[in-house]
Amino acid sequence: MAGSLVLVLNSGSSSVKYALVNPDSGERPQDGQVENIGSSGGSYHDALTKILGHLDDHGHVDLAAAGHRVVHGGERFTDSVLVDDDVVAAIRSFSHLAPLHNPAS
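Right, let's walk through the structure included here. (Residues numbered from 1 in each chain as written. Predicted model: local features only at pLDDT ≥ 70, side-chain atom pairs only at ≥ 80, totals over all residues. Heavy atoms only, no water.)

1. Concerning the overall build of the protein
Helix and strand counts for the protein stand at two helices and four strands. For the protein, the α and β elements follow one another from N to C terminus as β-β-β-α-β-α. Principal axes of the C-alpha set define a box for the protein whose edges measure 40 × 35 × 20 Å. Counting across all 105 residues of the protein, residues that qualify as buried make up 27%. Considering only intrachain contacts with a sequence separation of at least 6, the fraction spanning at least 24 residues in the protein is 49%. Here the protein contributes 6 positively and 13 negatively charged side chains, and the mean placements of these two sets differ by 9 Å. (Helix = DSSP H or I, 4+ residues; strand = E, 2+ residues; numbered from the N terminus. Buried < 20%, exposed > 50% of the residue type's maximum accessible area, 1.4 Å probe, protein only. Contact = heavy atoms within 4.5 Å. Lys, Arg positive; Asp, Glu negative; His and termini not counted. Charge placed at Lys NZ, Arg CZ, Asp CG, Glu CD.)

2. Looking at the side chain of Asn22
By secondary structure assignment, the location of Asn22 is in the loop between strand E2 (16-21) and strand E3 (30-34). The contacts of Asn22, once residues within four sequence positions are left out, are Leu5, Glu27 and Pro29.

3. Let's talk about helix H1 (residues 44-57)
An α-helix turns once every 3.6 residues. As a result, residues three or four positions apart point the same way. Taking 1.5 Å per residue, 14 residues should reach 20 Å; H1 reaches 20 Å between its end C-alpha atoms and fits that length. Turning to H1, its buried residues are Ala47, Ile51 and Leu55. When H1 is viewed along its axis, its buried side chains cluster within an angular range of 75 degrees and face the same direction. The exposed residues of H1 that point more than 90 degrees off its buried face are His45, Lys50, Asp56 and Asp57. Where H1 is buried, its residues touch strand E1 (4-11), E2 and E3. For H1, the N-terminal cap is Ser43; the gap from its side-chain oxygen to the backbone nitrogen of His45 is 3.3 Å. (Expected span 1.5 Å × (residues − 1). Arc of directions from axis to C-beta. Polar contact = N/O pair within 3.5 Å; in protein donor to acceptor, adjacent residues only side chain to side chain.)

4. Details of the environment of His72
Its location among the elements puts His72 in the loop between strand E4 (62-68) and helix H2 (85-93). It is 9.4 Å that separates the C-alpha atoms of His72 and Val87, two residues lying 15 residues apart in sequence. For His72, the contacting residues outside a window of four places in its chain are Phe77 and Phe94.

5. Quick notes on the sheet that holds E3
By definition, the strands of a sheet pair up through backbone hydrogen bonds, in either a parallel or an antiparallel sense. Ordered by their spatial adjacency, four strands build an open sheet running E3-E2-E1-E4, and the pairing between neighbours is mixed. If you trace the sheet from one side to the other, it starts and ends with E3 and E4, each paired once. Here the average twist between neighbouring strands, direction ignored, is 20 degrees. Relative to E2, E1 is paired through six bridges, and the arrangement is antiparallel. Within E2, the residue paired with Ser11 across the bridge is Val16. (Pairing = 2+ DSSP bridges. Axes fitted to C-alpha atoms, helices over the stretch in contact; angles between N-to-C directions.)

6. Some points on unusual backbone geometry
For Asn36, which is not a glycine, the phi torsion comes out positive at approximately 65 degrees. Among the structural elements, Asn36 can be located in the loop between E3 and H1.

Shape descriptors only; they carry no functional weight alone.
Here it is in structure tokens:
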């Protein structure tokens, strides 16, 4: 896979979906999911380890960035942001809006 790609993640209550996206073209050269988290599928840490290993299995991937979908409450975040302690606190404050997604995120 040539060029820098963005790893996009979406953690749910029992799965993590992912895609590699070319930020210039929108092409998705790879995507997939790890299911059954919290049961025989393991933890979110195990899922991310599996995803990163799967990316390595398909050759060197030059990651430019990683992004993660979360419920953010609307007006606070209107564009992509770098995650710091304040962003994490704001996302946690909206967990009641998405109890199956944000706590895992």
